[in-house]
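If you want the building blocks of each chain, they are given just below.
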Amino acid sequence: MPTFFNYPFHSNGFVAHGHCYLWQTGLVWLHIISDATIALAYYSIPFLLIYFISKRKDVPFNGVFLLFGAFIIACGTGHLMDIWTLWHPDYWIAGGLKALTAIISIYTAFALFYLMPQALTLPSPAQLEVINRALSTEIVERKCIEKELRLAQEITQNSSQAKSEFLANMSHELRTPLNGILGYTQILQRTESLSEKGRKGISIIYQCGSHLLTLINDVLDLSKIEARKLELYPVDFYLPAFIDSVTEICRIRAEQKVIAFHIELDPDLPTGIHADEKRLRQVLINLLSNAIKFTNQGSVTFQVQVIGKESNANANTDYKIRFQVIDSGTGIISEQAEKIFQPFEQVGNQKLQSEGTGLGLAISQQIVLLMGSQIQVQSTLGKGSTFWFEAKLPESKDWAKVSRVVEQGTIVGYQGQRRTILIADDKWENRSVIVNLLEPVGFTVVEASHGEEAWEQALLYKPDMIITDLVMPRLNGFELIERLRQSGPFKEIAVIASSASVFAIDQHKSIDVGADAFLPKPVEAETLLEILRQFLQLEWIFDVKVDAIKKTYTGGLDQSNEMIYPAKEVLQELLDLTQDGDIQKVLELAEKLSASDQQLSIFAQQIVQLASNFQLKRLETFIVSIQESEFRSQNK
């Protein structure tokens, strides 16, 4: 050992290894070439291992590969050292290198010893073949399952499409007779002089027809929900007037059942909001109607409360508003509360169940879900229920842009020359509604039972407007509109598409082919007349009596002699009854005034008209304006 430390880097006393080969050239070159070739082969192996590891980083034995590479490099270096010692007898260095190689080889052997059990667990080529076959079988089975799923999906889509087509056809067939029923009730109400009993009878017919129309719309709404086609169309509208319209409708129903109806509004409510007015009204009326229907005594309370607000990206305020309906009705048990939002599910009194389809709450829940909320319910059997939901509604400061239709009286004519309207519909009852609505107002109405006849009539009469049904024989409405738009004389004429179909695709298609507007069936008189006014630029002539009432209502102090007002005590009593929503007593008091003094008949007539139309806000404003006018007159 001391010798090792004394001569580690010099070889005094040693001879070169080449002397052993007597420096025979052939033998020396044999060793040189052999050792060099072996060293080169050894060095190539680690480089190949490094390349393999860099490409396959997922291989779990990288550490062993690196250790094995170091062992190979040490062996290759030993062979190069053998060439060196042919001329330089540095045997201590050569021995040290061999010792290092021995140490590395021992570590490699131990590593392989621990690695062997893991390596044996790797699957053999035969096992891999079995696994591959199993995977191939699984892939085939999965493809078969996917094919079956696609087939089932196609069947479902076809079924859904068939159902939609059935509902569309059913809607069209049901709305056609409804068009006649609702249309003629409006005609009779406008043109015929009826007794009180007859007027109420016509009103009942109209209400029943409207209820049937609501049921049809409920079924169609449900089909849209199932097909995921129900969408919200938000607009800007005046929130106080919206709440007033909803509560007035429900207040009448509550008064008919002689139950109290309370309204609690948060003073912090925004003036205008941006939401789907139609759908929000549908939800609120449904919740309030259900509360009134299942409450036989006590009260129904409608609460609208702001529970939070925050600024949005448009520099406006988002209000989180809670709409809550509380009743003291029959209530429901918790098990039933989980079922009431399912389609066609009804709970509670069997007699009350027969009044609906069981779709209202299901549809309302889906609408509220589209709003990003959910209808909640708490109920105690025999004590009442509370329904509520919270909606995030953006504030609208442009609500005034959305105008509201103000009734000005009964239309009896229009200014200017006589206009001609062509109505094309294969159902005579549908044409009859339009004819009886428009001829008394001064229009010339030309009828056609199909598209070809409508084209001929258009060429003959040169109408100012054409109203056409979409589903007709020989030439349907779409084809008629296209033909009209392709013809020079009719390119600028107003064409209105009318149909009992409520599917948006039909409405959009009619507009795409050239229609100016869409008129749904059953035709509402106000909607039809507004379309005529808009597209023909008409100025209506109203009934003289109604105009006089309007003139009196909107007039100032200069017109005070045209209407005699009752005593201030009577005015206050009328105001109190109006604010309480007691329409029946308002009407009774107005009749007493008219009977007691002929001079009060004009005033009483105005009160009766506003109260009969449930225009309580206008009635209240009217009475207050009279009180203020009387007060100013007394203080002059």
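Note that this is a predicted model, so its numbers are computed, not measured.

K.L.:
Sorry, what's going on with the packing of helix H13 (residues 451-461) against helix H14 (residues 477-486) here?
P.N.:
Relative orientation and spacing of two packed helices are given, respectively, by the angle between their axes and the distance between those axes. Interhelical geometry of H13 versus H14 gives an angle of 25 degrees and a closest axis separation of 9 Å. Compared by their axis directions, H13 and H14 come out roughly parallel. Judged by the sense of rotation from one axis to the other, the crossing of H13 with H14 is right-handed. In contact with Gly451, Glu452, Ala454 and Trp455 of H13, H14 contributes Leu480, Arg483 and Leu484. Here the contact of H13 with H14 is built from residues that sort into four nonpolar, one polar and two charged.

K.L.:
Could you clarify how one ought to interpret the sheet that holds strand S2 (residues 260-265) in this entry?
P.N.:
Backbone hydrogen bonds hold the strands of a sheet together, and the pairing may be parallel or antiparallel. What the five strands build is an open sheet, ordered S2-S4-S5-S7-S6; its pairing is mixed. Of all strands in the sheet, those with a lone pairing partner are S2 and strand S6 (376-380), marking the two edges. Here the average twist between neighbouring strands, direction ignored, is 15 degrees. Judged from the six bridges that link them, S2 and strand S4 (residues 299-311) form a sheet pairing that is parallel. Each residue of the ladder has a partner; that of Leu265, found in S4, is Val304. Sitting on the sheet, helix H8 (residues 277-293) touches S2, S4, strand S5 (317-327) and strand S7 (384-394), and the angle it makes with S5 is about 20 degrees.

K.L.:
Help me understand H8, please; the structure alone is not making it clear to me.
P.N.:
In an α-helix, one turn spans 3.6 residues; hence positions three or four apart end up facing the same way. Between its first and last C-alpha, H8 extends 24 Å over 17 residues, near the 24 Å set by a 1.5 Å rise per residue. Across the 17 residues of H8, 13 count as buried, placing the element largely inside the fold.

K.L.:
Is there a simple way to think about the packing of helix H12 (residues 428-438) against helix H16 (residues 525-536) in this case?
P.N.:
At a minimum axis separation of 11 Å, H12 and H16 run at an interaxial angle of 65 degrees. Overall, the two elements H12 and H16 adopt an arrangement that is roughly perpendicular. The interaxial crossing formed by H12 with H16 has right-handed handedness. Residues Ile434, Leu437 and Leu438 of H12 pack against Ala525, Leu528, Leu529 and Leu532 of H16. Residue composition of the contact of H12 with H16, grouped by class: seven nonpolar, no polar and no charged.

Reading the values: rules and limits
Residues numbered from 1 in each chain as written. Predicted model: local features only at pLDDT ≥ 70, side-chain atom pairs only at ≥ 80, totals over all residues. Heavy atoms only, no water. Axes fitted to C-alpha atoms, helices over the stretch in contact; angles between N-to-C directions. Helix = DSSP H or I, 4+ residues; strand = E, 2+ residues; numbered from the N terminus. Parallel < 35°, antiparallel > 145°, perpendicular 65-115°, else oblique. Left-handed = near helix turned anticlockwise from the far one by under 90°. Contact = heavy atoms within 4.5 Å. Nonpolar A, V, L, I, M, F, W, Y, C, P; charged D, E, K, R; others polar. Pairing = 2+ DSSP bridges. Expected span 1.5 Å × (residues − 1). Buried < 20%, exposed > 50% of the residue type's maximum accessible area, 1.4 Å probe, protein only.

By themselves, these observations are geometric and do not establish any function.
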